[in-house]
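Spelled out from the first residue to the last, the chains are:
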Amino acid sequence: MPRKRASRRLAADVSLLAAAAAFALPLAWVLLSSVDPHAGLRVRVPDGLTLANFDAVLTPDITYTPLLNSLLLCGGATALTVACAALAAYPLSRFRSRLNRPFLLSILFATSLPITAIMVPVYALFVRVNLIDTLQGTILFFAASQLPFAIWLMKNFMDGVPRELEEAAWTDGASSLQSLVRIVLPLMGPGVAVVTVFSFVMMWGNFFVPFMLLLTPDRMPASVSINDFFGNRGMVAYGQLAAFSVIYSTPVILLYVLVARRLGGGFALGGAVKG
């Protein structure tokens, strides 16, 4: 038995190391190739270090304008998603109805719809209402596409906030909206952080939606402009592509760092309920 346990543990460790290597190799390639003057497809330690790849991509047309467009699109859509998800999840969490479960199941079904299946009617609709090639139209569609799963997550986190706290606020004359903003949302900080990070990351890496709904090159986000590094006949500027990827990943990493404390902490309910 000890030998069998040791062999199983060894097999599990080897499997975990293989999975870790599968994730680590692409990251290693991006970091090494970004400072490699002769970057290629192989993962190798560069002969010499250079910042020429970053100098080549740090221009308004290649990096600054696409990143600004991405921040406007994803930041605005994330704020709209979190606000609408909180307003939609609150009645689902606090009021019991026969329609709650069918509605939540419908939301869960909506999250499984492939985005490519609905882009043709969405494109036709946006043309009719003059929202095609507009940042506000893309923000609205981003928020609408992420809203179902955001509502599902927000509702589950909101269920963990005791109802007694709101009842005490209602006794003092607070409205439902005031209790949501001043009591429920501050106490479910980790849940709001999870929904925010999840929504922002899913929008930040989305290529298909802005590629279909935006037509002007100056309005394209970084997720679409990264395609410009792939030239004709298989010619790719690998060093510049890796440098742009490092810069492109920075906002997501910073967002994770900013909300790390919220994600690691629990609900701040200690001492909130008086016996």
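If you're wondering where the values come from, they're calculated on a predicted model, not measured in any experiment. (Residues numbered from 1 in each chain as written. Predicted model: local features only at pLDDT ≥ 70, side-chain atom pairs only at ≥ 80, totals over all residues. Heavy atoms only, no water.)

## Looking at a nonpolar patch on the surface
Thought 1: On the surface, a cluster of nonpolar side chains totalling about 290 Å² of accessible area is made up of Leu 87, Leu 177 and Val 181.
Thought 2: Its place among the elements puts Val 181 in helix α8 (residues 176-187). (Patch = residues over 30% accessible without salt bridge, like charges linked within 9 Å, V, L, I, M, F, W, Y side chains within 5 Å. Areas by Shrake-Rupley, 256 points an atom, 1.4 Å probe, with all protein chains shown as cover. Salt bridge = Lys/Arg side-chain N within 4 Å of Asp/Glu carboxyl O. Helix = DSSP H or I, 4+ residues; strand = E, 2+ residues; numbered from the N terminus.)

## Digging into the packing of helix α6 (residues 135-158) against helix α9 (residues 189-204)
Thought 1: Interaxial distance between α6 and α9 falls to 10 Å at its minimum, and their mutual angle equals 155°. For the element pair α6 / α9, the angle class is roughly antiparallel. Handedness of the α6/α9 crossing: right-handed. In this structure, α6 uses Phe 142, Ala 143, Gln 146, Phe 149, Ala 150, Leu 153, Met 154 and Phe 157 to contact α9, whose residues at the interface are Gly 191, Val 192, Val 194, Val 195, Phe 198, Ser 199, Met 202 and Met 203.
Thought 2: Among the residues making up the contact of α6 with α9, the classes are represented as 13 nonpolar, 3 polar and no charged. (Axes fitted to C-alpha atoms, helices over the stretch in contact; angles between N-to-C directions. Parallel < 35°, antiparallel > 145°, perpendicular 65-115°, else oblique. Left-handed = near helix turned anticlockwise from the far one by under 90°. Contact = heavy atoms within 4.5 Å. Nonpolar A, V, L, I, M, F, W, Y, C, P; charged D, E, K, R; others polar.)

## Things to note about helix α12 (residues 238-258)
Thought 1: If you check α12, its first and last C-alpha atoms are 31 Å apart, about what 21 residues at 1.5 Å a residue would give, namely 30 Å.
Thought 2: For α12, every residue scored as buried is listed here: Gly 239, Leu 241, Ala 242, Ala 243, Phe 244, Ser 245, Ile 247, Tyr 248, Val 252 and Leu 255.
Thought 3: For α12, the secondary structure elements touched by its buried residues are α1 (2-34), α2 (52-57), α3 (60-94), α9 and α11 (222-225). (Expected span 1.5 Å × (residues − 1). Buried < 20%, exposed > 50% of the residue type's maximum accessible area, 1.4 Å probe, protein only.)

## Re unusual backbone geometry
Thought 1: The phi angle at Asn 130 is positive, at roughly 60°, despite the residue not being glycine.
Thought 2: Counting through the fold element by element, Asn 130 comes out in the loop between α5 (115-128) and α6.
Thought 3: At Asp 133, a position not held by glycine, the phi torsion is positive, near 60°.
Thought 4: The residue Asp 133 is located in the loop between α5 and α6 in this model.
Thought 5: Taking the relative accessible area as the measure of exposure, Asp 133 reaches 14% and is therefore buried.

## A look at the UniProt feature "transmembrane region" (unreviewed entry) in the protein chain
Thought 1: Here the UniProt feature "transmembrane region" (unreviewed entry) sits at residues 67-90, 102-123, 135-154, 192-215 and 235-259.
Thought 2: Taken end to end, residues 192-215 is 79% helix and 0% strand, and its two terminal C-alpha atoms sit 33 Å from one another. (UniProt positions renumbered as here; feature names shortened; annotations may be inferred.)

## Some points on the packing of aromatic side chains
Within a pair of aromatic rings, the relevant descriptors are the distance that separates the centres and the angle that separates the planes.
Thought 1: Within this structure, the stated rule accounts for 8 aromatic pairs.
Thought 2: Taking 6.3 Å as the distance between ring centres and 90° as the angle between the ring planes, the aromatic pair formed by Phe 126 and Phe 141 counts as edge-to-face. Highlighted residues: Phe 126 in helix α5 and Phe 141 in helix α6, separated in sequence by 15 residues.
Thought 3: Arranged with centres 5.2 Å apart and planes meeting at 45°, the rings of Phe 229 and Phe 244 form a pair that is tilted. (Phe/Tyr/Trp six-rings, centres within 6.5 Å; stacked < 30°, edge-to-face > 60°.)

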